[in-house]
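Residue-level structure breakdown
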Amino acid sequence: MKANTQCAIIWQYIKEHGSINPDEALAICGCHRLSARIYDLRNKHGKDIARKDVYIKNKLGHKSQVAVYYLEG
């Protein structure tokens, strides 16, 4: 995996922080499609990444579901 790709940056972030959500991915590397990069990490690079859904309040104050990806185990 090349060092400055979105996949590499996201993988490094997960290793350092334990998890990542779409807002963090957008902030750290401009990634608008975190699920696609997680797919790449799992299937092309063999990384063991799990997903859990959490609910947050969006900017309008409504409940919204987002995925949080983390290291399995």
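Conventions used here
Residues numbered from 1 in each chain as written. Predicted model: local features only at pLDDT ≥ 70, side-chain atom pairs only at ≥ 80, totals over all residues. Heavy atoms only, no water. pLDDT = per-residue confidence, 0-100. Helix = DSSP H or I, 4+ residues; strand = E, 2+ residues; numbered from the N terminus. Pairing = 2+ DSSP bridges.

A separate point is the confidence of the model for the chain. With 100% of its residues at a pLDDT of 70 or more, the chain shows a mean pLDDT of 95. No element of the chain has a lower mean pLDDT than strand 2 (residues 49-57), at 96, and none a higher one than strand 1 (residues 19-20), at 98.

Strand order in the open sheet formed by 3 strands is 1-3-2, with antiparallel pairing between adjacent strands. This sheet does not close on itself; its edge strands, each paired only once, are strand 1 and strand 2. Relative to strand 3 (residues 63-71), strand 1 runs antiparallel, the two sharing 2 bridges. Bridge assignment links Ser19 to a residue of strand 3, and that residue is Tyr70.

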